[in-house]
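# Descriptive structure summary
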Amino acid sequence: MIAYERAFSRRSDRDCNWRLSGIGKVIARRFATEGATTVICSRSADRIEPAADDIEHALPDDTPGTVHPVECDVTSASDVRALVDVTLTDFDGIDILVNNAGGAQGNDGKLHTISEDTWADNLALNLTGPYLCSREVIPPMAEADGGSIIHVSTANAAIGIGASAYSAAKAGLYSLSRSIAVHYGTFNIRSNVLSLGTILTESRRETREEADGDPYQELRDETALGRLGQPAEIADAVLFLASPCSSFITGANIPADGGLTAGVSQVFHRAANDIDEQPVRDEIP
Ligand SMILES: NC(=O)c1ccc[n+]([C@@H]2O[C@H](COP(=O)([O-])OP(=O)(O)OC[C@H]3O[C@@H](n4cnc5c(N)ncnc54)[C@H](OP(=O)(O)O)[C@@H]3O)[C@@H](O)[C@H]2O)c1
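A few points on the structure. Please read all numbers here as calculations on a predicted model, not as lab measurements.

### Some words on the nonpolar core
Core analysis: the largest hydrophobic core is formed by 19 residues, its most contacted members being V137, M141 and I149. Secondary structure elements with two or more residues in this core: α4 (77-90), α5 (116-143) and α7 (164-184). At 6 residues, α5 tops the list of elements feeding residues into this core. The residues contacting I149, other than those within four sequence positions of it, are L97, N99, S134, V137, I138, M141, I180, I189, R190, S191 and N192.

Here's what the structure looks like:
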């Protein structure tokens, strides 16, 4: 038996590494650290080029991994085609696609308040973008040795909380991913979804610093682990799904939410009955 806390440093959302903002940046650093040639994109060269420089500076000296920024709007078919073309021209092939670009758009909330533009924007970024990127990488993956596609979704998609249009689009990823898994499995292409709980990125830290008290306490209490996630933990999970360690996993939807969805009925029960119940962990001395 290995003492867990001695083998691995215990995680906390309070001692987060904030130097890299956004989950995508931390995923890219993780892959490059492992030696991957990593192409990253955003809608703006002014944002993605400094991000690539930051990642390069944070890499260990001895890694062969590299980071290459490309300006690309993932909601544009021509941009995505150009991104894939330049990647195939400059490098050997594409083994891994991480559909991470996403987020709630516009004034999204309860359905009767959402405009058609907001609905369309949420679907474009969170579902059409992953469709376009997957569509372009599948043929070169199939011609090579296969590959792994990882779609970054949200726990909200499964439990009907949060922004409606965003959640609907992210729920669509489950079906998109399963179709890819079923149609292209014999080409050794795997496709999986990672459904995130609240992850403390740089932008969320700024919100926290501006707010009175701790705006995340309630969210922490809703998780089984009693804390929120770190971008590095998501990067670890994405790396697992990309690697041969997960070679028999495809078509799966894996929660990375600290146990939020595992205990969701308890959350609703407490909210509906106005019960201020202490988690069991507080009862154990
Ligand atoms: N943080 C959380 O608690 C949480 C929880 C559940 C799920 N997620 C999901 O995790 C993923 C990453 O979230 P995050 O918190 O890191 O978000 P973030 O900090 O807002 O980063 C989103 C990234 O997507 C890029 N992006 C947005 N629109 C794009 C477009 N049309 N084309 C290309 N790139 C685009 C942005 O770059 P530019 O603006 O420069 O284009 C940015 O780099 C998202 O899919 C999000 O839905 C996050």
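### Brief notes about the side chain of K170
Tracing the sequence through the fold places K170 in helix α7. At 11 Å, D108 is the nearest oppositely charged side chain to K170, a buried residue that forms no salt bridge. The residues touching K170, leaving out its near neighbours within four places in the chain, are G102, N126, V152, S153, T154 and A157.

### Quick look at the site of the ligand
Contacts to the ligand come from 25 residues, most closely from R43, R47, N100, Y166 and I199. In this structure, K170 approaches the ligand through a side-chain N or O atom, which is 2.8 Å from an oxygen atom. Elements represented by at least two residues in the shell around the ligand include exactly β4 (147-154) and α7. The greatest single-element share of the shell around the ligand, amounting to 3 residues, is contributed by β4.

How each quantity is defined
Residues numbered from 1 in each chain as written. Predicted model: local features only at pLDDT ≥ 70, side-chain atom pairs only at ≥ 80, totals over all residues. Heavy atoms only, no water. Core = buried A, V, L, I, M, F, W, Y, C linked by side-chain atoms within 4.5 Å. Buried < 20%, exposed > 50% of the residue type's maximum accessible area, 1.4 Å probe, protein only. Helix = DSSP H or I, 4+ residues; strand = E, 2+ residues; numbered from the N terminus. Contact = heavy atoms within 4.5 Å. Lys, Arg positive; Asp, Glu negative; His and termini not counted. Salt bridge = Lys/Arg side-chain N within 4 Å of Asp/Glu carboxyl O. Near = heavy atom within 4 Å. Polar contact = N/O pair within 3.5 Å; in protein donor to acceptor, adjacent residues only side chain to side chain.

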